[in-house]
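Letter by letter, the chains look like this.
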Amino acid sequence: MRRRLLGALVGALLLTGCSTGTDAVDVNNGGEFRFVQGTPAGEVIPPDERAAAPEFSGTLLDGEEFHSGELDGSVAVINFWGSWCAPCRVESPEFQEVYAEVRDQGVQFLGVNVKDTDQLARAFEDSFGIEFPSLDDPRGEVALAFRDYPANAIPSTIVLDAQGRVAAVYTGSVQQDDLRAVLDLLMAEEG
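Residues numbered from 1 in each chain as written. Predicted model: local features only at pLDDT ≥ 70, side-chain atom pairs only at ≥ 80, totals over all residues. Heavy atoms only, no water.

Caption draft 1: Representation of the packing of aromatic side chains within the structure. A complete count under the given rule lists 9 aromatic pairs for this structure. Ring plane angle 70° and centroid distance 5.5 Å describe the contact between Y99 and F132, whose orientation is recorded as edge-to-face. Of the two residues, Y99 sits in helix α2 (residues 86-102) while F132 sits in the loop between α3 (118-128) and β5 (134-136), which places them 33 residues apart along the sequence. F132 carries the same exposure label as Y99, and that label is buried. Three or more aromatic residues link up through ring pairs in this structure, and these residues are F56, F66, F80 and F146. (Phe/Tyr/Trp six-rings, centres within 6.5 Å; stacked < 30°, edge-to-face > 60°. Helix = DSSP H or I, 4+ residues; strand = E, 2+ residues; numbered from the N terminus. Buried < 20%, exposed > 50% of the residue type's maximum accessible area, 1.4 Å probe, protein only.)

Caption draft 2: The arrangement of the sheet that holds strand β3 (residues 76-81) in detail. Here 7 strands make up an open sheet; going across it, the order is β2-β1-β5-β4-β3-β6-β7 and the pairing mixed. Looking at the sheet topology across the chains shown, the edges are occupied by β2 (65-67) and β7 (166-171). Mean inter-strand twist for the sheet, computed between neighbouring axes without regard to direction, equals 30°. Across 5 bridges, the pairing between strand β6 (residues 156-160) and β7 is antiparallel. The partner of L160 across the bridge, within β7, is V166. Against the sheet, α3 makes contact with β3, β4 (108-113) and β5, and its axis sits at roughly 125° relative to β3, the strand it touches most. (Pairing = 2+ DSSP bridges. Axes fitted to C-alpha atoms, helices over the stretch in contact; angles between N-to-C directions. Contact = heavy atoms within 4.5 Å.)

Caption draft 3: Local environment of the layout of surface pockets. Approximately 160 Å³ is the volume found for the second largest pocket. Forming the boundary of the second largest pocket are 13 residues, of which A53, P54, S68, D72 and G164 lie nearest the centre. Looking at the lining of the second largest pocket, its residues break down into 6 nonpolar, 5 polar and 2 charged. (1 Å grid on protein atoms, 1.4 Å probe; cavity = no way out; pocket = protein on both sides within 12 Å on 5 of 7 lines; lining within 4 Å. Points joined across faces, edges and corners; volume = space filled by probe spheres on them. Nonpolar A, V, L, I, M, F, W, Y, C, P; charged D, E, K, R; others polar.)

Caption draft 4: Here's a closer look at the side chain of R50. Structurally, R50 is set in the loop between α1 (2-19) and β1 (57-60). Within the structure, R50 has its side chain in polar contact with the backbone oxygen of I45 (distance 2.7 Å). Within the local environment of R50, its side chain forms a polar contact with the side chain of D161, the two groups lying 2.8 Å apart. In contact with R50, not counting residues within four places along its chain, are V44, I45, D161, R165, V166, A167, L186 and E189. (Polar contact = N/O pair within 3.5 Å; in protein donor to acceptor, adjacent residues only side chain to side chain.)

Caption draft 5: Local environment of unusual backbone geometry. Here K115, not a glycine, exhibits a phi torsion of approximately 60°, which is positive. In this structure, K115 sits in the loop between β4 and α3. You can call K115 exposed: its relative accessible area is 65%.

Caption draft 6: Summary view of the packing of α2 against helix α5 (residues 176-190). Taken N-terminus to C-terminus, the directions of α2 and α5 make an angle of 30°; their axes are 10 Å apart at the nearest point. Here α2 is positioned roughly parallel relative to α5, judged by the angle of their axes. Classified by chirality, the crossing of α5 by α2 is right-handed. Along the contact surface, α2 presents E94, F95, E97, V98, E101 and V102, while α5 presents Q176, L179, R180, L183 and M187. Taken together, the residues of the contact of α2 with α5 break down into 6 nonpolar, 1 polar and 4 charged. (Parallel < 35°, antiparallel > 145°, perpendicular 65-115°, else oblique. Left-handed = near helix turned anticlockwise from the far one by under 90°.)

Caption draft 7: Focus on α3. Taken together, the buried positions of α3 are occupied by A121, F124 and E125. Buried residues in α3, looked at end-on, bunch into an arc of 95°, giving them a common side. Set apart from the buried face of α3 by more than 90 degrees, the exposed residues are Q119, D126 and S127. Looking at the packing, one finds that the buried side of α3 touches β3, α2, β4 and β5. Taken from the residues just after α3, G129 is the one with a positive phi, measuring 65°. (Arc of directions from axis to C-beta.)

This is the structure:
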């Protein structure tokens, strides 16, 4: 009985130590937890149900600074990837193909590289011929900005409409045809 009581007390103290103090992490977003489920393949969130994407910034793999405001006014694809991610090795070259098809129509793509060194991330982009920019986000700050959306799985993709609202969310890899269908729908909304 004493051992169980002692074990429970030690466990409680450890949990208390991890969740208090000035450096504690606010795990429930200020008391509010909101989770938006990923959208099925090719499905777009209805315009009246879309929420504005959060602002974020960082350094691109080429060393340039980037702010999410650069995506304003454009349909945009934000893809969270890592060189160590097997599905990313399939998805990234396919995203490059779609990007090459739609970039002249004003659609922007932004990769968000997580947990890679700069050297590994650039080697990945070079080996797959990726031409769209990627943020270097080793600490997951951009995913944290999208805390209301399931962007913490790798790969994950968030598609924004031209008004900067989240229009589609994918956890896991996205097929080219699904991505094209979503982009076609969003570009048609602009017209």
